[in-house]
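Examining the three-dimensional arrangement
Here is what each chain is made of, one letter per residue.
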Amino acid sequence: MQRRRVTFKGRQEGAKRDLSQGVKEKLSYQGLLEHIPAVVYCDTLDDEGGACYMSPQLQWMLTHPETALEPSQQSWHACLHPEDRDRVLAERRRALKESQPLSCEYRLVSHDGHIRWVLDRARVVHASDGTRQLHGVLHDITERKVLEQSLANRDTILQAVAYAAEYFLLHSRSDVPLEKVLGRLGEAAQVSRVYVFENYRASDGTWFTSQRYEWTAEGISSQKDNPDLQNFPYVEGGFSRWLETFLLGEPIYGLIEEFPPSERSVLKAQDIISLVAAPIFVNGALWGFMGFDDCVLPRRWTSVEIDALKTAAHLVGAMVQKQRSDAILDQAARHLEREVARKTAELKEANARLHEELRARREAQARLAESERRYRELYERSRDGYVRTDFQGVILECNGPFASMLGYDNPQEIIGVPCRDMTPPQRFDAISRNMRRQLMERGFSDKFEKQLIRKDGSLLDVEVRMYLHRRPDSTPDSIWTFVQDISDRKLAEQERLRAQKLESLGLLAGGIAHDFNNILTGILGHISLIKHAIKNGAPHWRSFGSRRKSMPQSPGAHAPVAHLCQGWSARQENRVLAGSDSGLHGVFSAWHALSSSV
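Residues numbered from 1 in each chain as written. Predicted model: local features only at pLDDT ≥ 70, side-chain atom pairs only at ≥ 80, totals over all residues. Heavy atoms only, no water.

1. Let's talk about the pairing of strand 12 (residues 385-389)
Strand 12 sits mainly inside the fold: 5 of its 5 residues count as buried. Of the two faces of strand 12, the one carrying G385, V387 and T389 and the one carrying Y386 and R388 are both buried. One ladder, built from 5 bridges, connects strand 12 with strand 16 (residues 476-485); its direction is antiparallel. Paired with T389 across the strands is I479, a residue of strand 16. Here 3 bridges tie strand 12 to strand 13 (residues 395-398), and the two strands are oriented antiparallel to one another. Note that in strand 13 the partner of V387 across the bridge is C398. Between strand 12 and strand 13, which pair antiparallel in sequence order, lie 5 residues; one of them, G393, sits at a positive phi of approximately 85 degrees. (Buried < 20%, exposed > 50% of the residue type's maximum accessible area, 1.4 Å probe, protein only. Helix = DSSP H or I, 4+ residues; strand = E, 2+ residues; numbered from the N terminus. Pairing = 2+ DSSP bridges.)

2. Focus: unusual backbone geometry
You will see that N231, though not glycine, has its phi angle at about 55 degrees, which is positive. Residue N283 is not a glycine yet carries a positive backbone phi of 55 degrees. Locating N283 in the fold gives a position in the loop between strand 10 (274-282) and strand 11 (285-294). By relative accessible area, which is 43% here, N283 ends up partly exposed.

3. Description of the pattern of salt bridges
Counted according to the given criterion, the structure contains 28 salt bridges. In this structure, the salt-bridge partner of R300 is E258, at a minimum N-O distance of 2.8 Å. Highlighted residues: R300 in the loop between strand 11 and helix 9 (303-343) and E258 in the loop between strand 9 (252-255) and helix 8 (261-268), separated in sequence by 42 residues. A relative accessible area of 55% places R300 in the exposed class. Put simply, R374 and E370 hold a salt bridge, and the shortest N to O gap is 3.6 Å. (Salt bridge = Lys/Arg side-chain N within 4 Å of Asp/Glu carboxyl O.)

4. With respect to the packing of helix 9 against helix 10 (residues 347-381)
Where helix 9 contacts helix 10, the two axes come as close as 9 Å, and the packing angle between them is 165 degrees. Considered as vectors, helix 9 and helix 10 are oriented roughly antiparallel to each other. The interaxial crossing formed by helix 9 with helix 10 has left-handed handedness. For the contact of helix 9 with helix 10, a count of residues per class yields 16 nonpolar, 4 polar and 9 charged. (Axes fitted to C-alpha atoms, helices over the stretch in contact; angles between N-to-C directions. Parallel < 35°, antiparallel > 145°, perpendicular 65-115°, else oblique. Left-handed = near helix turned anticlockwise from the far one by under 90°. Nonpolar A, V, L, I, M, F, W, Y, C, P; charged D, E, K, R; others polar.)

5. Examining the sheet that holds strand 16
Sheet strands associate in pairs through backbone hydrogen bonding, adopting either a parallel or an antiparallel arrangement. Reading across from one edge, 13-12-16-15-14 is the order of the 5 strands in this open sheet, with antiparallel pairing throughout. Each end of this open sheet is capped by a strand with a single partner; those strands are strand 13 and strand 14 (448-453). Taking each pair of neighbouring strands and ignoring which way they run, the sheet shows an average axis angle of 35 degrees. Helix-sheet contacts for helix 13 (residues 487-534) involve strand 14, strand 15 (459-470) and strand 16, and the interaxial angle to strand 15 is about 140 degrees. (Contact = heavy atoms within 4.5 Å.)

6. Notes on the packing of aromatic side chains
Applying the stated criterion across every chain, the model contains 11 aromatic pairs. Relative to F289, the ring of F197 has its centre 4.9 Å away and its plane inclined at 10 degrees; by these criteria the two rings are stacked. Within this pair, whereas F197 is found in strand 6 (residues 193-201), its partner F289 is found in strand 11, the two being separated by 92 residues in sequence. Relative to F246, the ring of W242 lies with its centre 6.0 Å away and its plane at 80 degrees, an arrangement referred to as edge-to-face. Of the two residues, W242 and F246 both sit in helix 7 (residues 240-247), 4 residues apart, roughly one turn of that helix. Take W242 and F246: they sit in the same class, and that class is buried. A connected cluster of aromatic rings, assembled from ring pairs, spans Y195, F197, F232, F239, W242, F246 and F289. Of note, R241 hangs over the ring of F259, and the distance from its end group to the ring centre comes to 5.1 Å. (Phe/Tyr/Trp six-rings, centres within 6.5 Å; stacked < 30°, edge-to-face > 60°. Lys NZ or Arg CZ within 6 Å of the ring centre and 35° of its normal.)

7. Side note on the sheet that holds strand 5 (residues 132-140)
The sheet built from 5 strands is open, its strands ordered 2-1-5-4-3 with antiparallel pairing. Each edge of the sheet is formed by a strand with only one pairing partner; in this case those strands are strand 2 (53-54) and strand 3 (102-109). Here 8 bridges tie strand 3 to strand 4 (residues 115-126), and the two strands are oriented antiparallel to one another. When the bridges of strand 4 are listed, C104 appears paired with D120. Strands in contact with helix 4 (residues 82-98) are strand 1 (39-43), strand 3, strand 4 and strand 5; relative to strand 3, the strand with the most contacts, it is inclined by about 150 degrees.

8. Considering helix 13
With 48 residues, helix 13 ought to run about 70 Å at 1.5 Å a step, and its terminal C-alpha atoms sit 71 Å apart, in line with that. The complete set of buried residues in helix 13 reads L520, L524, I527, I530 and I534. (Expected span 1.5 Å × (residues − 1).)

9. With respect to the pairing of strand 10
Among the 9 residues of strand 10, 8 are classified as buried, and the element is accordingly described as predominantly covered. In this sheet, strand 10 lies alongside strand 9 in antiparallel orientation, the contact comprising 4 bridges. Note on strand 10: the bridge partner recorded for I252 is A277. In this sheet, strand 11 lies alongside strand 10 in antiparallel orientation, the contact comprising 9 bridges. Note that in strand 11 the partner of P279 across the bridge is F289. Here strand 10 hands over to strand 11 after 2 residues, with N283 in that stretch at a positive phi of 55 degrees.

What follows is the structure in structure tokens.
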């Protein structure tokens, strides 16, 4: 009886120790799950109301820390973006049905309307009751998505700017209405309204501004005929902050609800939710400003988007200056013709008037030269390459960026060089024939990719489009080629493919580790059976029991044993199964050798 009491008491103490150890492990895993920078979940999709487990990081991801909700107040299913819900649920059902890994990107909407992008990666796990569960992790990729969208918007805006610059470079006079250019910029920037205001100063120094040009998207009200936007005083109208910022060359941007009250009432009357306004300078003086309105969404403008829109404003300033120069030149020419026809009878007076007109012409030409210099500066500072060749492919002129693409310090180094020497020979003839046919038929070619040979012999990936240049009598005399360096884009495509391969390799390694865990689970089960079979008088019981307690118990600890078992099995398998020791003692001897190796 006393012996039974001691045995029972020992069992109780052992159970208490196991329970304490289990609680410690549970608390350790829970602490780990609740502090990693990601959301860990377990889902069966039996109830679309929510997952069977979702770590608390979901509430921190969708709310500010100081306003975080209780876990019961947030549901993953309710937070799914309406446009993504059907797709995401279908992907999850497919993964559960086919037992395939899940990897998808989608949007979650917080209670205050903010959108967060997440990357959902999960795999199917078979539970002990036979059900299938998704065990996965949600990673917050909002910053990456915002940056990608900002860069895409910037590139689209700069393409629209390049379109306008190309057109004005190819035409001696600007015969395109400014509204068409504003439309291209508005569509590229994905805004509701684009407009241009012109400033003027009264004799007392007061600044006024008036709207001159406007483009609006479909469904957006026009403000072009709004009388409140004509002769609007900056200071008296409550927009002195705008004037001070514009004079410093900086833009105004942000959400209207964050603007000062004196500005907010005027802007809300135009249904504006968010805007960017960039100053326009002509000949170094503040001529006006260019605005981009979003009347649909509370848009947060990124720095790359603002820089691109500032570049667009600079281009509009150059266009306005060229138009003014052209108008002044035309006016001077017409005035000169009238004066010569009307005053020929009075030679002395006509000569004096002619001298005055010639002086005015020289001033206009000087201003025109300044305008040409500004366009030449834009031509030389462009990120793209511009090159003009004759019909034999010999380079007549090019800008600095094109020479830099090919590794030359000075454009003069490649003037007179045939394009054949800069193109891999295997593609030159086919490209030349195809592009020459397109040029002669329609005056320009399609965009196409090719490679150029740099100065050091390396190859450069570029995107090319060619235009036929004509003399004033419409006779073609040369070819303009616009070259864009796409090596970064090519490199990004290669990196994306490499990342996909590494992701596949990681999934394969995880599957192998899972298989090893299953094998070791079977080994430990058989050892338990052996223990039960030989516990009555087996000579190796004590040694076996001490070995059994030293074996790793948690699934995470099996990985080193799996590695050792792979080498041990090749040495021991024949010894145990071939009959060298046919009884339970032989099996135990094999296990003894295994535990010694471990």
